[in-house]
Amino acid sequence: MLPVLLLVLPPSIAGGGYACWFLGHQTAHSFLSDGSNKPATPLINSGASYATAVGAFAGVYGALSTQFPRHQETGEGKDLAKTKQKASVSVSESKKSFVPPHKKAQSEQFQPPKTIAEAFRRYGRPMVFRAGAVGVAFFCAGTLQTVVANKNAGKGSP
């Protein structure tokens, strides 16, 4: 499964990023055009337009990343914490038997998901939020890069 993920995910993320950037570029270009059907002059990208795009991408993704869901302790985890406290109290009270650390509560360790549905419940929502944030960031980067390139193109013409 891992080789398939390594072969499929990076190209699809790159393609999706380019598609979102291009959609932002086309949206900005349609708003900046004068409404005539004549072909638009090609935009000249400069260092400023690329820097604006990178800054927009980083800023938008950074702003959206503050909204990502954080890991919340479920009731199961709270119960485990209470069990640990009770166990430590009972162990300190009665030091009759020693239990090696590798034989203590196995539920503390990471348990990998057993089915695809369980994996999606655990990891699906954060991945969808991050992919959406990347798409929005690429869209904004494409839009701002086009606006800056259009302003630079206007400077060169009389």
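Everything quoted here is computed from the prediction, not taken from an experiment. (Residues numbered from 1 in each chain as written. Predicted model: local features only at pLDDT ≥ 70, side-chain atom pairs only at ≥ 80, totals over all residues. Heavy atoms only, no water.)

Observations regarding the environment of Met127
Inspection of the secondary structure assignment puts Met127 in helix 4 (residues 116-156). On the basis of relative accessible area, Met127 is assigned to the exposed category, the value being 56%. Considering only alpha carbons, one finds Met127 and Phe68, 59 residues apart in sequence, at a separation of 9.7 Å. (Helix = DSSP H or I, 4+ residues; strand = E, 2+ residues; numbered from the N terminus. Buried < 20%, exposed > 50% of the residue type's maximum accessible area, 1.4 Å probe, protein only.)

Some thoughts on the packing of aromatic side chains
Taken as a whole and assessed by the stated rule, the structure comprises four aromatic pairs. Arranged with centres 6.0 Å apart and planes meeting at 25°, the rings of Tyr18 and Phe22 form a pair that is stacked. A residue pair is termed a helical-turn pair when its members lie 3 or 4 positions apart in one helix, as Tyr18 and Phe22 do in helix 1 (residues 2-32) at four residues. Using a relative accessible area of 52% as the deciding quantity, one classes Tyr18 as exposed. Judged by centre distance (6.4 Å) and plane angle (5°), the rings of Phe57 and Tyr61 are stacked. (Phe/Tyr/Trp six-rings, centres within 6.5 Å; stacked < 30°, edge-to-face > 60°.)

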